[in-house]
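Each chain, letter by letter, is given below.
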Amino acid sequence: MEQRIKGTTGLLALFGSPVGHSGSPAMYNFSFQHDGVDYAYVCFDIKEDQMKDAVAAVKLFNMRGFNVTMPCKNVAAQLVDELSPAARIIGAVNTVVNENGKLIGHMTDGAGFVRNLKEHGVEVEGKKIVVLGAGGAATAIQVECALCGAKSISIYNANDPFLERARGTAEKIKAEVPDCDVKVTCLDDQDQLRADIAEADILINATLVGMKPHEEGTLIADTAMFHEGLVVADTVYNPLETRLMREAKEAGCKVVGGEGMLLWQGAIAYKLYTGLDMPVAEYQAFKNAQ
Ligand code: NAD
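Residues numbered from 1 in each chain as written. Predicted model: local features only at pLDDT ≥ 70, side-chain atom pairs only at ≥ 80, totals over all residues. Heavy atoms only, no water.

**Q** Help me out: how do you make sense of the overall build of the chain in this one?
**A** Counting its regular elements, the chain contains 11 helices and 12 strands. Taking 2.2 N^0.38 as the reference for a compact globule, 290 residues should give roughly 19 Å; the C-alpha atoms of the chain span a radius of gyration of 19 Å, in line with that estimate. Viewed in the frame of its principal axes, the chain has a C-alpha envelope of about 60 × 40 × 35 Å. Burial status across the chain gives 51% buried among its 290 residues. Long-range contacts, defined as pairs at least 24 residues apart, comprise 70% of the intrachain contacts of the chain with a sequence gap of at least 6. Working note: accessible area of the chain is about 13,600 Å², and carbon and sulfur atoms make up 52% of it. Taking the average location of the 27 positive side-chain charges in the chain and that of its 38 negative ones, the two points are 3 Å from each other. (Helix = DSSP H or I, 4+ residues; strand = E, 2+ residues; numbered from the N terminus. Rg over C-alpha atoms; globule rule 2.2 N^0.38 Å. Buried < 20%, exposed > 50% of the residue type's maximum accessible area, 1.4 Å probe, protein only. Contact = heavy atoms within 4.5 Å. Areas by Shrake-Rupley, 256 points an atom, 1.4 Å probe, with all protein chains shown as cover. Lys, Arg positive; Asp, Glu negative; His and termini not counted. Charge placed at Lys NZ, Arg CZ, Asp CG, Glu CD.)

Written as structure tokens, this is what we have:
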């Protein structure tokens, strides 16, 4: 690694707080080295009120770009010069590319999710989709699925402040993608949820339920809601297999976990930074050997 850093080395970084646990430096630096790309990637612990200075530093240091994690994704979208269509609708960015001094913001979470489904042989175009959740990950997935031609998106959220956010997202999707039929329902309406899942092709969990330390939780306690032909996808990647996935698999559904979403959102950002396909298989083999 030390031998790789030269006077010409371009810098990329992750901004957010906390960032110490991030797997991004390992993934990007492995890939830069593998591809012989003269970049290095580090993490900076940056709070929301420090983002303005951080973005100014990106321009000052002529950094190639940066990723953004919680809690800075929304504020970063307001500080860049241009937004991709998905980032504009969502109002948040997780990847920013410096194109000759102009900062272009992207949101690759939803695209990473959709790409991971595709890797598992599942297309979203023309599909009826039920999404549980309305937070950051859920919103990115809802917008990307609509942009990718989903037939309908039924958003379910608990009766918490995210329910209102879901209504806002639905309005934006209706305005931008009028062909996609979007509706929002409170998770308390279990009869409607049962009816929508019965009609659905894909069920997605994009809530904290199922994630450590809530790994014994599931929003589909009635496993009779699973049916043949339903794809069940979880955004949770810790644990790798959630209770939702385990029970859906037992009921005969195809299941897709959240680890691939994490990998592909990074790979999509890598392509934006370098123009290259990330060496995904090589990185996975490297990681598994650790
Ligand atoms: P967030 O805080 O923005 O949203 C939280 C969501 O969880 C809200 O919809 C909230 O209503 C719901 N929720 C929380 N507790 C609940 C409960 N007890 N019952 C029902 N709903 C509940 O969080 P986020 O950043 O969007 O993360 C959501 C999930 O997405 C997490 O599990 C996270 O691990 C996952 N995620 C995965 C990736 C990936 O790359 N695989 C990326 C980002 C987030």
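**Q** Looking at this structure, how should I read the site of the ligand?
**A** In the vicinity of the ligand, 21 residues are found, and the nearest of them are Gly136, Ala137, Asn157, Asp160 and Thr207. Take glycine 135: an N or O atom from its main chain is 3.5 Å from an oxygen atom of the ligand. Taking glycine 258, its main chain carries an N or O atom lying 2.9 Å from a nitrogen atom of the ligand. Computed on the free molecule, the ligand has an accessible area of 850 Å², of which 77% lies beneath the protein chains in the complex. Of all elements in the fold, only α6 (136–147) and α10 (259–274) reach the threshold of two or more residues within the shell around the ligand. Taken together, the residues that form the shell around the ligand break down as 13 nonpolar, seven polar and one charged. (Near = heavy atom within 4 Å. Polar contact = N/O pair within 3.5 Å; in protein donor to acceptor, adjacent residues only side chain to side chain. Nonpolar A, V, L, I, M, F, W, Y, C, P; charged D, E, K, R; others polar.)

**Q** In this structure, what is going on with the environment of leucine 276? I would like to understand it.
**A** Mapped onto the elements, leucine 276 comes out in the loop between α10 and α11 (280–288). For the pair formed by leucine 276 and arginine 246, sequence separation is 30 residues and the distance between their alpha carbons is 35 Å. Apart from the residues lying within four places of it in its own chain, the contact partners of leucine 276 are Asp35, Val37, Tyr270 and Lys271.

**Q** Help me understand unusual backbone geometry, please; the structure alone is not making it clear to me.
**A** A negative phi angle characterises most non-glycine residues, just as the trans form characterises most peptide bonds. Cis geometry marks the peptide bond from serine 17 to proline 18; its omega dihedral reads 0°. Turning to its location among the elements, proline 18 is positioned in the loop between β1 (10–16) and α1 (24–35). Cis geometry marks the peptide bond from lysine 212 to proline 213, where omega comes out at 5°. Summarising the element assignment, proline 213 is placed in the loop between β10 (202–205) and β11 (231–234). Its identity is not glycine, yet asparagine 62 carries a phi of approximately 50°, on the positive side. Examined against the element boundaries, asparagine 62 turns out to sit in the loop between α2 (51–60) and β3 (65–68).

**Q** How do you make sense of the sheet that holds strand β12 (residues 254–256) when you look at a structure like this?
**A** Strand pairs in the sheet, formed through backbone hydrogen bonds, run parallel or antiparallel to each other. In space, the six strands of this open sheet follow the order β9-β8-β7-β10-β11-β12, with parallel pairing throughout. Only two strands of the sheet have a single partner each, and these edge strands are β9 (181–186) and β12. Strand-to-strand twist in this sheet, taken as the mean axis angle between neighbours without regard to direction, amounts to 15°. With four bridges joining them, β10 and β11 adopt parallel strand pairing. If you follow asparagine 205 over to β11, its bridge partner there is aspartate 234. Running at roughly 140° to strand β7 (residues 128–132), helix α8 (residues 190–199) makes contact with β7, β8 (152–157), β9 and β10 of the sheet. (Pairing = 2+ DSSP bridges. Axes fitted to C-alpha atoms, helices over the stretch in contact; angles between N-to-C directions.)

**Q** Explanation requested: the sheet that holds β3 in the structure shown.
**A** Taken in spatial order, the six strands of this open sheet run β2-β1-β3-β5-β6-β4, and their pairing is mixed. Each edge of the open sheet is held by one strand with a lone partner, namely β2 (39–45) and β4 (82–83). Across four bridges, β1 lies against β3 in parallel orientation. Each bridged residue has a counterpart across the sheet, and for leucine 12 the counterpart in β3 is glycine 65. Contacts from α10 reach β1, β2, β3, β5 (95–99) and β6 (102–106), with the element oriented near 5° to β5.

**Q** Honestly, the packing of α1 against α10 in this entry has me stumped. Any pointers?
**A** Helix packing geometry: the angle between the two helix axes and the distance between the axes. It is at 11 Å that the axes of α1 and α10 come closest, and there the two elements cross at 45°. On the basis of their axis angle, the class for α1 and α10 is oblique. For the pair α1 and α10, the sense of crossing is right-handed. Counting all contacts with α1, which are made through Met27, Tyr28, Ser31, Phe32 and Asp35, the residues of α10 involved are Leu263, Gly266, Ala269, Tyr270, Tyr273 and Thr274. For the contact of α1 with α10, the residue count by class is seven nonpolar, three polar and one charged. (Parallel < 35°, antiparallel > 145°, perpendicular 65-115°, else oblique. Left-handed = near helix turned anticlockwise from the far one by under 90°.)

**Q** Looking at this model, I keep getting lost on α2. Mind explaining?
**A** Residues separated by three or four positions in an α-helix point in the same direction, a consequence of the helix having 3.6 residues per turn. Residues of α2 that are buried: Met51, Ala54, Val55 and Val58. Projected onto a plane normal to the axis of α2, the buried residues spread over an arc of 100° and lie on a single side. In this structure, α2 carries Lys52, Asp53 and Leu60 as exposed residues pointing more than 90 degrees from its buried face. The inward-facing, buried residues of α2 abut β1, β3, α3 (73–79), β5 and β6. Of the residues flanking the end of α2, it is asparagine 62, one or two places downstream, whose phi is positive at about 50°. (Arc of directions from axis to C-beta.)

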